[in-house]
Amino acid sequence: MPDLRLTVPDTPVGPLTLYESDGAITALTWEGNGAASDDDASPLLQEAARQLREYFAGTRQDFDLPLAPRGTTFQKQVYRAMQAIPYGATKSYGEIAEALEGCARAVGSACGSNPIPVIIPCHRVLAAGGKPGGFSGLGGLDTKKKLLDLEGSPSWLL
């Protein structure tokens with residue numbers, strides 16, 4: 001099955017494009033060049049778009065979608081660890097590294113390679129001392145701050 005995609009144009013962080021392959025979400029990007037409407041999309045992409053809209057409206061805290069992020073075994077462990085961080089909470093790269101018996105730098109690298117940001121909430125991972133670290137999505141740290149503010153996360157330094 002070829003990759004399918006759908007753009008969700010109306011988000012506070014810009015247009016997002018969802019990608020599906022073999023019945024699972026595989027990527028979310030800021031390209032904004034997918035299908036023109038939900039009507040042109042698969043049922044899974046329509047559901048993912050609905051859940052994203054609910055998240056940005058503040059009525060959804062958890063995503064319930066089949067995900068198939070590409071990555072190494074370690075990266076996938078980090079993705080699962082990020083998914084376990086509750087809405088409105090944060091963890092540090094070091095805390096995740098300790099839980100996975102890895103190093104903070106490798107966790108940071110895995111966060112930066114997250115192919116499904118927002119849904120796999122890499123924005124909830126901070127550097128030591130509550131500093132923001134990085135964010136690979138369009139807008140960088142400004143987008144990370146918007147996502148954390150949306151979730152009512154404690155203030156952090158920019």
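Residues numbered from 1 in each chain as written. Predicted model: local features only at pLDDT ≥ 70, side-chain atom pairs only at ≥ 80, totals over all residues. Heavy atoms only, no water.

Before going further, it helps to examine the pairing of strand β2 (residues 16-21). Buried residues dominate β2, accounting for six of its six residues. Neither face of β2 is left uncovered, since the one carrying L16, L18 and E20 and the one carrying T17, Y19 and S21 both have all their residues buried. By the bridge criterion, five bridges tie strand β1 (residues 4-8) to β2 in an arrangement that is antiparallel. Looking at β2, one finds that T7 is bridged to T17. Taken together, the five bridges between β2 and strand β3 (residues 24-29) define a ladder with antiparallel strand orientation. Across the sheet, S21 pairs through a bridge with A24, a residue of β3. Taking the residues between adjacent antiparallel strands as the criterion, β2 and β3 are bridged by two residues, where D22 takes a positive phi near 50 degrees. (Buried < 20%, exposed > 50% of the residue type's maximum accessible area, 1.4 Å probe, protein only. Helix = DSSP H or I, 4+ residues; strand = E, 2+ residues; numbered from the N terminus. Pairing = 2+ DSSP bridges.)

Spatially, the three strands line up as an open sheet ordered β1-β2-β3, and their pairing is antiparallel. The open sheet has two free edges, formed respectively by β1 and β3, since each of these has just one partner strand. Direction aside, neighbouring strands of the sheet carry axes that sit 25 degrees apart on average. Helix α1 (residues 43-57) rests against β1, β2 and β3 of the sheet, and its axis sits at about 145 degrees to β2. (Axes fitted to C-alpha atoms, helices over the stretch in contact; angles between N-to-C directions. Contact = heavy atoms within 4.5 Å.)

That is the geometry; function is a separate question.
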